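Overview (structure and organization)
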Amino acid sequence: MMTAPKQPMLRGELRLNEPLKRYNTWRVGGCARQMYLPADADDLAVFLDSLPPQEPLLWLGLGSNLLIRDGGFPGTVIMLLGRLNSLSVEGDEVRVDAGVSCAKVARECARANLTGAAFLAGIPGTMGGALAMNAGAFGGETWPIVSSVTTIGRDGRIHQRLPAEFKVSYREVVRPAEEWFLSCILSLKPGDGSAEQAAIRSLLERRAATQPTGQPSCGSTFRNPQGDHAARLIEACGLKGHRIGGAEVSPKHANFIINTGDASAADIENLVAHVAAEVERQQGVRLEAEFHAVGEPS
Ligand SMILES: Cc1cc2nc3c(=O)[nH]c(=O)nc-3n(C[C@H](O)[C@H](O)[C@H](O)COP(=O)(O)OP(=O)(O)OC[C@H]3O[C@@H](n4cnc5c(N)ncnc54)[C@H](O)[C@@H]3O)c2cc1C
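Since this is a predicted model, take the numbers as computed values, not measurements. (Residues numbered from 1 in each chain as written. Predicted model: local features only at pLDDT ≥ 70, side-chain atom pairs only at ≥ 80, totals over all residues. Heavy atoms only, no water.)

**Comments concerning the packing of aromatic side chains**
In plain terms, the rule: Within 6.5 Å between ring centres, the rings of Phe, Tyr and Trp (the latter by its six-membered ring) count as paired, and their orientation is classed by plane angle as stacked under 30 degrees, edge-to-face over 60, tilted in between. Think of it this way: any DSSP run of H or I at least four residues long counts as a helix, any run of E at least two long counts as a strand, and we number them from the N terminus. Think of it in three bands: residues with accessible area under 20% of the maximum for their type are buried, residues over 50% are exposed, and the middle band is partly exposed, with areas taken using a 1.4 Å probe on protein chains only.
Scanning all chains against the criterion turns up six aromatic pairs. Ring geometry for tryptophan 59 and tryptophan 180: centres 5.0 Å apart, planes at 5°, overall stacked. Note that tryptophan 59 is positioned in strand S3 (residues 57–60) and tryptophan 180 in strand S15 (residues 179–187), a separation of 121 residues in sequence. Of the residues examined, tryptophan 59 reaches a relative accessible area of 16% and is grouped as buried. Residue tryptophan 180 is classed as buried on the basis of its relative accessible area, which comes to 9%. Grouping aromatic residues by their ring pairs yields a cluster made of Trp143, Phe166 and Phe181.

In structure tokens form, the structure reads like this:
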């Protein structure tokens, strides 16, 4: 007797043709062919193992460092925000799931009288995105406070790894091929939680004063070149306020490109290319984009 192939038991949510505009801070981009929102890490392992081996995968946190192109993503988006969402404190160690927001990590660490994570407060991403990007601000960086991570492979297998197994540099992390972050353990120093909370408030005020935080962007568009600032170079080229379609070089901070309302991903990509070309022509410096561009042009 023939038996039907076994279907994996999935407990998460699968959405087909999901518009991605609402999942990134630039508010642009087309649809994902499908998006999976896992119930938990075990469910994610079953889902990954059920995919064809060549399926294109995009891991999405808060989409605060992603340019999703207008033609969308022709594969599966894995969405962890609000799904892998637990955080627990034990002594001076904090276990954080990849879908927890950086702001919550900073807040909860301060509440537990632990110091060293305040810089995460103004980074509008998830812990998974911070690990993938080695996110940092105001002198702090993600990986120096990480003592171990848990990753998952395309086959659904789970690995415990130490920081020494990753090549970590400025806004860049090379990790074992086809592995993504599920959680991490942060090692922090005991200290004065109220001083840490005051530090968080002061960092957020500095951001609001210098960055167009209320407008759609991906934060810093370009990495700072060694010994200089991308914003200084862009401003020196007279590019503040320069527009292509609905994309604009922020008049408040030259390294932010903002969506003024109706920008397409192509407008943003064209403006990024124009700014890079002008800085190279006028200042002789080749700027590199900090964000990741994914998907197909329309
Ligand atoms: C207003 C604003 C201010 C910002 N300020 C800063 C700043 O001060 N410092 C700074 O460093 N950045 C800053 N950023 C950029 C951004 O917030 C960070 O890079 C952040 O770490 C990205 O996290 P995310 O969850 O949004 O990742 P996403 O944008 O969703 O993804 C970024 C990359 O990480 C990958 N990724 C996401 N989750 C995982 C996972 N679980 N496992 C493996 N890969 C994964 C994605 O595939 C993608 O390649 C800013 C952005 C904005 C909009």
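**Things to note about the site of the ligand**
Definition in use: One heavy atom within 4 Å of a molecule or strand is enough for the residue carrying it to be called near that molecule or strand. Throughout this description, a polar contact denotes any pair of N or O atoms lying within 3.5 Å of each other; where both atoms belong to protein, one of them has to be capable of donating a hydrogen while the other can accept it, and for residues adjacent in sequence the pair is counted only when both atoms sit in side chains. Amino acids outside the nonpolar list (Ala, Val, Leu, Ile, Met, Phe, Trp, Tyr, Cys, Pro) and the charged list (Asp, Glu, Lys, Arg) are all regarded as polar, and Gly is one of them.
Around the ligand sit 33 residues in total, of which Trp59, Ser64, Thr126, Gly136 and His292 are the nearest. Here an oxygen atom of the ligand sits 3.5 Å away from a polar atom, N or O, in the main chain of alanine 130. In this structure, arginine 171 approaches the ligand through a side-chain N or O atom, which is 3.2 Å from an oxygen atom. Those elements that provide at least two residues to the shell around the ligand are S3, helix H3 (127–133), strand S9 (136–137) and S15. By residue number, the principal contributor to the shell around the ligand is H3, which donates five residues. Here the residues of the shell around the ligand sort into 17 nonpolar, 13 polar and three charged.

**Re the nonpolar core**
Test applied: Grouping buried Ala, Val, Leu, Ile, Met, Phe, Trp, Tyr and Cys residues that are joined through side-chain atoms within 4.5 Å yields what is termed a nonpolar core. We call two residues contacting when some pair of their heavy atoms lies within 4.5 Å.
Formed by 33 residues in total, the largest nonpolar core has its most connected members in Val96, Val105 and Leu186. For this core, the secondary-structure elements that each account for two or more residues are strand S7 (93–97), helix H2 (102–111), H3, strand S11 (146–153), S15 and helix H4 (193–210). Not counting residues up to four positions away in its chain, the partners in contact with valine 105 are Leu87, Val96, Val100, Leu120, Met127 and Leu186. Membership of the second largest hydrophobic core comes to 25 residues, among which are Leu233, Ala247, Val272 and Ala276.

**Comments concerning unusual backbone geometry**
The phi angle at arginine 27 is positive, at roughly 60°, despite the residue not being glycine. For arginine 27, the position within the fold is in the loop between strand S1 (13–19) and strand S2 (31–37). When its relative accessible area of 43% is taken as the criterion, arginine 27 is described as partly exposed. Phi is positive for glutamate 178, which is not a glycine, with a value near 60°. If you trace the backbone, glutamate 178 turns up in the loop between strand S14 (172–174) and S15. On the basis of relative accessible area, glutamate 178 is assigned to the partly exposed category, the value being 40%.

**A word on helix H6 (residues 265–283)**
Let me state the cut-off plainly: Between the first and last residue of a helix there are one fewer steps than residues, each counted as 1.5 Å, and that sum is the expected span. Each C-beta atom gives one direction from the helix axis, and the arc is the one those directions make.
Counted at 1.5 Å a residue, the expected span for H6 with its 19 residues is 27 Å, and the 26 Å between its end C-alpha atoms agrees. Looking only at H6, the buried set comprises Ala265, Asp267, Ile268, Leu271, Val272, Val275, Ala276, Glu278 and Val279. Take H6 and look down its axis: the buried residues cluster within an arc of 165°, on one side only. Where H6 is buried, its residues meet strand S4 (66–68), helix H5 (230–236), strand S17 (243–244), strand S18 (247–249) and strand S19 (257–259). A positive backbone phi angle near 70° is found at glycine 284, which sits one or two residues after H6.

**A look at the sheet that holds strand S12 (residues 158–161)**
Note the threshold: Whether two strands pair depends on DSSP finding at least two bridges between them. In this analysis an axis means a line fitted to C-alpha atoms, helices contributing only their contacting stretch, and an angle means the value between N-to-C directions, from 0 to 180 degrees.
Taken together, the five strands give an open sheet; going across it, the order is S6-S7-S15-S11-S12, and neighbouring strands pair in antiparallel fashion. Whereas interior strands pair on both sides, the edge strands pair on one side only; in this sheet they are strand S6 (87–90) and S12. For this sheet, the mean angle separating the axes of adjacent strands, direction not counted, is 20°. Here S11 runs beside S15; their pairing, made up of seven bridges, is antiparallel.

**A closer look at the side chain of asparagine 24**
Residue placement: asparagine 24 occurs in the loop between S1 and S2. The class of asparagine 24 is buried, set by a relative accessible area of 0%. Excluding residues within four positions of it along the chain, asparagine 24 makes contact with Leu62, Gly63, Leu66 and Ile68.

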